[in-house]
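So the chains spell out like this:
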Amino acid sequence: MAILKVARLGHPVLHEIAQPVPVEMIRSAEVQRFIDDMIDTMHEYSGAGLAANQVHTLSQIAVIEVAGNPRYPDAPQIPLTVVINPVVTPLTEEMEEGWEGCLSVPDMRGRVPRYTAVRLECYDREARRMDLVAKDFFARVIQHETDHLNGIVYVDRMRDLSSLSFLAEWQRYALGVQEQTE
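Residues numbered from 1 in each chain as written. Predicted model: local features only at pLDDT ≥ 70, side-chain atom pairs only at ≥ 80, totals over all residues. Heavy atoms only, no water.

Caption draft 1: Empty space enclosed by the protein, seen in detail. Across all of its chains, the model carries one cavity of 30 Å³ or more by this definition. Estimated volume of the largest cavity: approximately 150 Å³. Every residue lining the largest cavity is counted, 16 residues in all, and those nearest its centre are A48, Y72, G101, V141 and H144. At the level of secondary structure, the elements contributing two or more residues to the lining of the largest cavity comprise β4 (95-102) and α2 (136-149). In terms of residue count, α2 provides more of the lining of the largest cavity than any other element does, five residues in total. A per-class count over the lining of the largest cavity returns seven nonpolar, five polar and four charged. (1 Å grid on protein atoms, 1.4 Å probe; cavity = no way out; pocket = protein on both sides within 12 Å on 5 of 7 lines; lining within 4 Å. Points joined across faces, edges and corners; volume = space filled by probe spheres on them. Helix = DSSP H or I, 4+ residues; strand = E, 2+ residues; numbered from the N terminus. Nonpolar A, V, L, I, M, F, W, Y, C, P; charged D, E, K, R; others polar.)

Rendered as structure tokens:
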């Protein structure tokens, strides 16, 4: 497997719209290898998810997983989920502002409004239809990753940029965690 290069904020690929993957191509060796590389890249950088745009590929593929993630130690676990050609539908008008980070916006956090419950319709890596309801943190991650596939980065969704913080300051002032000194 390969660790892929992650595009950072400012690279035009992050604001481009990904194209659907033809269903008959999902199980191809090329797409399966790319999915494996995306998973390895997400794990390498401790991401909760990764969208194809972030690794310079304009295909509607995202991977999501949270299990013992050091960047999200208190987050509920999310099993490895491969999302292809997603359609996300809000199931409520209720939105909640929550802290988000992004591998393409390294060492930063910001408060982003997201729907608290969504329906996700997509294909999995075996080209099977998937239809699930996600709430709270899982719903947030789904919306974050599908935004990427639509050329939207979380900072584009922020209502108030005053919450945009470097990770160390976010930990110290938003979470109250003091930096360790030696």
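Caption draft 2: A look at the environment of L164. Along the polypeptide, L164 turns up in the loop between α3 (154-157) and β8 (165-166). When the C-alpha positions of L164 and R111 are compared, they lie 7.1 Å apart, and in sequence the two are 53 residues distant. What L164 contacts, discounting residues up to four positions off in sequence, is M108, R109, G110, Y154, V155 and M158. (Contact = heavy atoms within 4.5 Å.)

Caption draft 3: Local environment of the pattern of salt bridges. Counted by the stated rule, this structure contains 11 salt bridges. Notably, a salt bridge pairs R140 with E100, separated by 2.7 Å at the nearest N-O pair. One end of the pair, R140, is in helix α2; the other, E100, is in strand β4, and 40 residues separate them in sequence. The exposure class of E100 is buried, given its relative accessible area of 4%. The partner of R128 in a salt bridge is D124, and the shortest N-O contact between them spans 2.9 Å. For D124, a relative accessible area of 12% translates into the label buried. Each of E100, R114, R140, D147 and R157 takes part in a single network of salt bridges with overlapping partners. (Salt bridge = Lys/Arg side-chain N within 4 Å of Asp/Glu carboxyl O. Buried < 20%, exposed > 50% of the residue type's maximum accessible area, 1.4 Å probe, protein only.)

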